[in-house]
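Inside the fold
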Amino acid sequence: MEETMSREQTKVIRIGDRVIGGGNPILIQSMCNTKTEDIEGTVAQILELEQAGCDIIRVAVPTMEAAEALTEIKRQIHIPLVADIHFDYRLALAAMEHGADKIRINPGNIGAVDRVRAVVEMAKEREIPIRVGVNSGSLEKPLLEKYGGVTAEGLVESALQKVALIEQMGYENLVISIKSSDVMMCVKAHELIDRQTNYPLHVGITEAGTLTAGNIKSSIGLGIILNQGIGDTIRVSLTGAPVEEIKSAKLILKTLGLRKGGIEVVSCPTCGRTKIDLIGLANQVENMVTEFDHLNVKVAVMGCVVNGPGEAREADLGIAGGIGEGLLIRKGEVIRKVPEEQLLEALRQELMKL
């Protein structure tokens, strides 16, 4: 078996003022679910995503009005803007004219070669990277016939054909994405393509599903791929608020040891000893700690005073519930008792001190 390419060896690609590849930190992406033509709504969502830790944002460009909206959207945001184009090459040209930092196309659905060439020429002129995207749902008929359906091998061949087409036009400022909703097929496709190219890879499980299903599928798929040293930028695709994608992506990277900083919240699964609303409290803590993203600490939320202090010993800070009150714990030592309704604020004050 050939060696996989480590992410340190992939090409460095600049997207706006950020870089991916070459061992640079793995960047988190998301995609707006607003209508891009709605500049105010789109900007509001992007600013929320920036606050949550999004590094690169993609918007759909299905109309000329959407392409033209990019100028004003870009003026009001602080992260690179990617235009998602399908079918009409003129929208890709307009998106670049209106300030897209990167464009995402599938050359297979853009049409004739001269149309792809027009897009490549403008990208080359403006030094705008192109993300060549192939999804299991868009695999070409000849490859479906060759491999007897959608396969990892077919996805890789399709992507490399498109990359070769753009390379023949003299352009190599490329990022590749090959996505499937079949997790293990997606894993295999990334293992295969990683041995055959040094372009940075944008990794994600497409159409992963709702919050629960999507998080589980994405965690498994991205976890296996990233842990092999494959992948330079990621998106967790969820059917829900895009901000949830950022939370999940950050936690996946942190769990794999690929990103430092940010607060890790650990909480017990509750049992019959629990006398406080631990589930509600743990969710409140998780939301509250997002404002302390610059800290690199572990916070424990425990349901009872039997195991609470002990279990929280490995955490920097913790709270353990009692009957209508709880303990505030620092490095395994109980600091003080706090009424239940003041636990969250007491924990916040301790974080402020840090």
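These figures come from a predicted structure and were not determined experimentally.

Along the backbone of the protein there are 13 helices and 15 strands. A globule of 354 residues ought to have a C-alpha radius of gyration of about 20 Å, and the protein, at 23 Å, matches this closely. Taken along the three principal axes of its C-alpha coordinates, the protein extends 70 × 50 × 30 Å. Evaluated residue by residue, the protein yields a buried proportion of 53% over its 354 residues. Within the protein, residue pairs in contact and separated by at least 24 positions form 64% of the contacts whose partners lie at least 6 positions apart. Accessible surface computed for the protein: about 15700 Å², of which carbon and sulfur atoms make up 51%. If you average the places of the 39 positive and of the 48 negative side-chain charges in the protein, the two averages end up 3 Å apart.

What the rule picks out here adds up to 20 salt bridges. A salt bridge links Arg235 to Glu245; its shortest N-O distance comes to 3.0 Å. Placement of the pair is Arg235 in strand E10 (residues 233–235) and Glu245 in helix H10 (residues 242–255), with a sequence separation of ten residues. Pair check on accessibility: Arg235 and Glu245 agree, each one buried. Here Glu244 makes a salt bridge to Lys247, at a shortest N to O gap of 3.4 Å. Of the two residues, Glu244 and Lys247 are both situated in helix H10; the distance of three residues between them amounts to about one turn of the helix. Among the residues examined, Lys247 registers a relative accessible area of 34% and is labelled partly exposed. A cluster of three or more residues bridged by salt bridges with shared partners is formed by Arg330, Arg336, Glu350 and Lys353.

The strands that make up a sheet pair up through hydrogen bonds in the backbone, lying either parallel or antiparallel. Spatial ordering of the open sheet is given by E8-E7-E6-E5-E4-E3-E10-E9, a layout of eight strands whose pairing is parallel. Edge strands, defined here as strands with exactly one partner in the open sheet, are strand E8 (174–179) and strand E9 (202–203). Two elements, strand E3 (residues 27–31) and strand E4 (residues 56–60), share three bridges in a ladder whose sense is parallel. When the bridges of E4 are listed, Met31 appears paired with Arg58.

Definitions and cut-offs
- Residues numbered from 1 in each chain as written.
- Predicted model: local features only at pLDDT ≥ 70, side-chain atom pairs only at ≥ 80, totals over all residues.
- Heavy atoms only, no water.
- Helix = DSSP H or I, 4+ residues; strand = E, 2+ residues; numbered from the N terminus.
- Rg over C-alpha atoms; globule rule 2.2 N^0.38 Å.
- Buried < 20%, exposed > 50% of the residue type's maximum accessible area, 1.4 Å probe, protein only.
- Contact = heavy atoms within 4.5 Å.
- Areas by Shrake-Rupley, 256 points an atom, 1.4 Å probe, with all protein chains shown as cover.
- Lys, Arg positive; Asp, Glu negative; His and termini not counted.
- Charge placed at Lys NZ, Arg CZ, Asp CG, Glu CD.
- Salt bridge = Lys/Arg side-chain N within 4 Å of Asp/Glu carboxyl O.
- Pairing = 2+ DSSP bridges.

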